[in-house]
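Chain by chain, the residues run as shown.
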2 protein chains.
Amino acid sequence: MANVEPDEAAVCTAMGDILNRIGDKWSVMVVGRLKGGTMRFSELRRAIDGVSQRMLTLTLRNLERDGLVTRTVYAEIPPRVEYTLTEMGCTLTGPIGALWDWAAEHQDQVAQARAVYDRAQAGAEEPERRRA
Amino acid sequence: MANVEPDEAAVCTAMGDILNRIGDKWSVMVVGRLKGGTMRFSELRRAIDGVSQRMLTLTLRNLERDGLVTRTVYAEIPPRVEYTLTEMGCTLTGPIGALWDWAAEHQDQVAQARAVYDRAQAGAEEPERRRA
DNA sequence: CCGAATCCTTAACGATACTG
DNA sequence: CAGTATCGTTAAGGATTCGG
């Protein structure tokens, strides 16, 4: 151990883990919103659009478990629960932002590539039309 | 239209698309390997470890459809098929690299956070042990 | 060698209803 | 308001088999 390289295989596994968190449909949205500061549950729910209560809860639990957000419960009536990015969570906004920018910058190109590909496939699957 | 901001909602949708591609367990590995240059199907299969033939095929098809890799078939016996990153595919390696580095840098911290969280949960679920 | 097709098992996810 | 529990649907992924 104590090698200079932090072990390729281990990083691969970790990468898979991270991507499972990042890739799970809602985590990025949550982190994106929380980037602006503390928010409470129902705020997030309204802000994100399309997320079910269940999935928001699960997403937040996972992020909390990974040490990316902190969850603060206030013993009030009605209850209030606030979520904030941890320091580590903040460091994730960098890489996520890079991905976000890439998406914004290339979405048209991707859409166009898909259209071309799909048209080619449609054409290839109906060779009977070759002389219609 | 023609707003200065490229439409928040559209970018959100695009982001979801991108993440579905990036997040799907194998795409990142493939792009990571292809970063080093052209590779053929069986090379990728061996290099990636754990990927089934089916999933590698599907992953490559999706990447090709999105215009991120090119697929070149050589009419030989036995057949040979090579995959290369497109120019757009290369631009993705930047953001992906950032994520990769983050994972490498924070994997220990995440693992530790998980251990702490899980231990706390285990303790909270067995209050009967409070006086054993 | 590359990949399409089939089958099967497991999750992810959403909708709903209920609790403190 | 925030969260848990349950149920049903869908889709992802793996193993296997066949074909060019």
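Residues numbered from 1 in each chain as written. Chains lettered and ligands numbered in written order. Predicted model: local features only at pLDDT ≥ 70, side-chain atom pairs only at ≥ 80, totals over all residues. Heavy atoms only, no water.

**Points about helix α3 (residues 41–48) of chain B**
All names here are of chain B. Listed in full, the buried residues belonging to α3 are F41, L44 and I48. Down the axis of α3, the buried set is contained in an arc of 65 degrees. They therefore lie on one face. D49 occupies a position one or two residues after α3 and carries a positive phi of about 70 degrees. (Buried < 20%, exposed > 50% of the residue type's maximum accessible area, 1.4 Å probe, protein only. Helix = DSSP H or I, 4+ residues; strand = E, 2+ residues; numbered from the N terminus. Arc of directions from axis to C-beta.)

**A few points about the relation of the copies chain B and chain A**
For the pair chain B and chain A, the relating rotation is 180 degrees, the translation along its axis is 0.0 Å, and the fit reaches an RMSD of 0.1 Å. Taken together, these values place the two copies in the relation of a two-fold axis. Looking at the rotation axis and the C-alpha trace of chain B, the residue lying nearest is B:G23, at 2.1 Å. Of the interface residues in chain B, 100% have counterparts in chain A that sit at the interface too, so the contact is made through matching surfaces. (Least-squares fit on C-alpha atoms with pLDDT ≥ 70 in both. Contact = heavy atoms within 4.5 Å.)

**A look at the UniProt feature "domain: HTH hxlR-type" (unreviewed entry) in chain A**
In this numbering, the UniProt entry assigns the feature "domain: HTH hxlR-type" (unreviewed entry) to residues 12–111 of chain A. Taken end to end, residues 12–111 of chain A is 65% helix and 14% strand, and its two terminal C-alpha atoms sit 30 Å from one another. (UniProt positions renumbered as here; feature names shortened; annotations may be inferred.)

**Concerning the packing of aromatic side chains**
A ring pair, where both rings are aromatic, is described by two values, the distance of the centres and the angle of the planes. A complete count under the given rule lists zero aromatic pairs over all chains for this structure. The ring of A:Y74 has A:R80 lying over it, and the distance from NZ or CZ to the ring centre is 4.0 Å. (Phe/Tyr/Trp six-rings, centres within 6.5 Å; stacked < 30°, edge-to-face > 60°. Lys NZ or Arg CZ within 6 Å of the ring centre and 35° of its normal.)

**Some details on the protein's contact with DNA strand D**
For DNA strand D, the set of nearby residues contains 18 residues, the closest of which are A:R40, A:F41, A:S42, A:Q53 and A:R71. Counting only atoms of DNA strand D within 4 Å of the protein, the sugar-phosphate share comes to 58%. A:R71 places a side-chain nitrogen or oxygen 2.7 Å from a phosphate oxygen of DNA strand D. Between a phosphate oxygen of DNA strand D and a side-chain N or O atom of A:Y83, the distance comes to 2.9 Å. Secondary structure elements with two or more residues in the surface near DNA strand D: α3 (41–48), α4 (53–65) and β3 (80–85) of chain A together with α4 (53–65) of chain B. If you tally residues by element for the surface near DNA strand D, the top one is α4(A), at four residues. (Near = heavy atom within 4 Å. Polar contact = N/O pair within 3.5 Å; in protein donor to acceptor, adjacent residues only side chain to side chain.)

**Here's the deal with the pattern of salt bridges**
A complete count under the given rule lists 14 salt bridges over all chains for this structure. With a closest N to O distance of 3.1 Å, A:E82 and A:R80 form a salt bridge. Notably, a salt bridge pairs B:R21 with B:D24, separated by 3.8 Å at the nearest N-O pair. The exposure class of B:R21 is buried, given its relative accessible area of 11%. Each of A:D17, A:R21, A:D24, A:D66 and B:R114 takes part in one network of salt bridges that share partners. (Salt bridge = Lys/Arg side-chain N within 4 Å of Asp/Glu carboxyl O.)

**As for the packing of helix α2 (residues 27–34) of chain B against α3(B)**
Residue and element names in this part refer to chain B. Direction vectors running N to C along α2 and α3 enclose 115 degrees, while the axes themselves pass 11 Å from each other. As far as their axial angle goes, α3 and α2 are roughly perpendicular. Crossing of α2 against α3: the hand is right-handed. On α3, the residues that touch M29, V30, R33 and L34 of α2 are L44, A47 and I48. Of the residues belonging to the contact of α2 with α3, the class tally is six nonpolar, no polar and one charged. (Axes fitted to C-alpha atoms, helices over the stretch in contact; angles between N-to-C directions. Parallel < 35°, antiparallel > 145°, perpendicular 65-115°, else oblique. Left-handed = near helix turned anticlockwise from the far one by under 90°. Nonpolar A, V, L, I, M, F, W, Y, C, P; charged D, E, K, R; others polar.)

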